[in-house]
Amino acid sequence: MSEHERSRTMPAPPQTVFDQANDLDALHHWLPQDLHIRPEVLPAVTVHEDSTGRDARALLQADPEHLRIEWGTRDDSRYAGWLQVTDSGDGTSEATIHLSFHDDDHTPADDIDRTLDESLRHLADQIRPRTDTSG
């Protein structure tokens, strides 16, 4: 089993960050580039991985009250993850993303922490235009 977690300060209040992260039509903007989500009847989704060409049945659930999104494989317990947004108290927030791989045979070989950092950077990039008041 392996666990991976990364955090990043976001340039917006927590609700703005959560709303952007939870926008199913915009997930591809911040998820790793080779992953694509196709909603079915929520919480059921299909995750397509370009690098392998495979589809995986998964679950994606949002908890707006707690500003949390959780996901994982639907048919087995190979992996699970979550994104939690918290208030930093100064008009910014912090987003933490966590992945758990329960089967070492299915842990990605690439640098997972780098990929998580990139995903959080992409999420921040998506939020920045929504909060830019320089006019």
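Our subject in this report is the structure included herewith. (Residues numbered from 1 in each chain as written. Predicted model: local features only at pLDDT ≥ 70, side-chain atom pairs only at ≥ 80, totals over all residues. Heavy atoms only, no water.)

## What to know about the environment of Ser93
Mapped onto the fold, Ser93 is located in strand S7 (residues 93-101). Owing to a relative accessible area of 0%, Ser93 belongs among the buried residues under this scheme. With 16 residues separating them along the chain, Ser93 and Ser77 place their C-alpha atoms 30 Å apart. In this view, Ser93 contacts Arg8, Thr9, Met10, Ala12, Pro13, Pro14, Val17, Val85, Thr86, Asp87 and Ser88; residues no more than four positions away in its chain are not counted. Within the local environment of Ser93, its side chain forms a polar contact with the backbone oxygen of Ala12, the two atoms lying 2.8 Å apart. (Helix = DSSP H or I, 4+ residues; strand = E, 2+ residues; numbered from the N terminus. Buried < 20%, exposed > 50% of the residue type's maximum accessible area, 1.4 Å probe, protein only. Contact = heavy atoms within 4.5 Å. Polar contact = N/O pair within 3.5 Å; in protein donor to acceptor, adjacent residues only side chain to side chain.)

## Points about the packing of aromatic side chains
Applying the stated criterion across every chain yields a total of 1 aromatic pair. Plain terms: the ring middles of Tyr79 and Phe101 are 6.4 Å apart, the flat faces sit at 40° to each other, and that makes the pair tilted. Of this pair, Tyr79 sits in strand S6 (residues 79-87) while Phe101 sits in strand S7, and the two are 22 residues apart along the sequence. Residue Phe101 is classed as buried on the basis of its relative accessible area of 6%. Over the aromatic face of Trp82 sits the side chain of Arg68, whose NZ or CZ is 4.4 Å from the ring centroid. (Phe/Tyr/Trp six-rings, centres within 6.5 Å; stacked < 30°, edge-to-face > 60°. Lys NZ or Arg CZ within 6 Å of the ring centre and 35° of its normal.)

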